[in-house]
Amino acid sequence: MEQKDKILEKLKEVKDPELGLDIVTLGLIRDIKEDDPKGKGVSGVEVTMTLTTPFCPYANDIIAAVEDALRALGYENPRVEISFEPPWEPSEELRATLGI
């Protein structure tokens, strides 16, 4: 299993408290970049994600949970970047699951 896949599997443990679904299934993860700033092997990771709304009352909790999940994989200083461009749009399948 590639490292990006391992990261996604770990992030499936992070749930959106309001919707009760994980952030990967919700489509909130936009990008995952590992970095090697000193040429000594991968030492860090940055996850770019969005939230279901810019006014999400659980934003800080979700970000902290993502950072904790990444630390559990051995990343000492994970970074989480929030982007609302483009805005989150649930897929048709997810809309059906959520009943919207």
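Located above this text is the structure these notes cover.
Since we're looking at a predicted model, the values are computed, not measured. (Residues numbered from 1 in each chain as written. Predicted model: local features only at pLDDT ≥ 70, side-chain atom pairs only at ≥ 80, totals over all residues. Heavy atoms only, no water.)

Colleague: Can you help me understand the overall build of the chain in this one?
Modeller: Looking only at helices and strands, the chain has three helices and three strands in total. Rg of the C-alpha trace for the chain: 14 Å, near the compact-globule value of 13 Å for 100 residues, within the 12% margin. In terms of principal-axis extent, the alpha carbons of the chain reach across some 45 × 30 × 25 Å. The buried share of the chain, reckoned over its 100 residues, is 30%. Summarising the internal contacts of the chain: among those between residues at least 6 apart in sequence, 56% fall at separations of at least 24. When the accessible surface of the chain is totalled, it reaches about 6,300 Å², and 47% of it is carbon and sulfur. Taken as two groups, the 12 positive and 21 negative side-chain charges of the chain have centres that lie 5 Å from each other. (Helix = DSSP H or I, 4+ residues; strand = E, 2+ residues; numbered from the N terminus. Rg over C-alpha atoms; globule rule 2.2 N^0.38 Å. Buried < 20%, exposed > 50% of the residue type's maximum accessible area, 1.4 Å probe, protein only. Contact = heavy atoms within 4.5 Å. Areas by Shrake-Rupley, 256 points an atom, 1.4 Å probe, with all protein chains shown as cover. Lys, Arg positive; Asp, Glu negative; His and termini not counted. Charge placed at Lys NZ, Arg CZ, Asp CG, Glu CD.)

Colleague: For this particular structure, what's the right way to read the sheet that holds strand β3 (residues 79-82)?
Modeller: Note: strands within a sheet are paired through backbone hydrogen bonds, in either parallel or antiparallel orientation. With mixed pairing, the three strands of this open sheet are ordered in space as β1-β2-β3. Strands with a single pairing partner mark the edges of an open sheet, and in this sheet they are β1 (29-35) and β3. Here the average twist between neighbouring strands, direction ignored, is 15 degrees. In this sheet, β3 lies alongside strand β2 (residues 44-49) in parallel orientation, the contact comprising four bridges. (Pairing = 2+ DSSP bridges. Axes fitted to C-alpha atoms, helices over the stretch in contact; angles between N-to-C directions.)

Colleague: Got a minute to help me understand the nonpolar core in this structure?
Modeller: Within soluble globular proteins, side chains that are nonpolar tend to cluster in buried spots. If you look at the biggest cluster of nonpolar residues, it comprises 23 residues, and the most contacted ones within it are L11, I23, M49, I62, V66 and L70. For this core, the secondary-structure elements that each account for two or more residues are α1 (3-11), β1, β2 and α2 (59-72). In terms of residues, this core owes the most to one element, α2, which gives six residues. Excluding residues within four positions of it along the chain, I23 makes contact with L11, V14, L28, I29, M49, I62 and V66. (Core = buried A, V, L, I, M, F, W, Y, C linked by side-chain atoms within 4.5 Å.)

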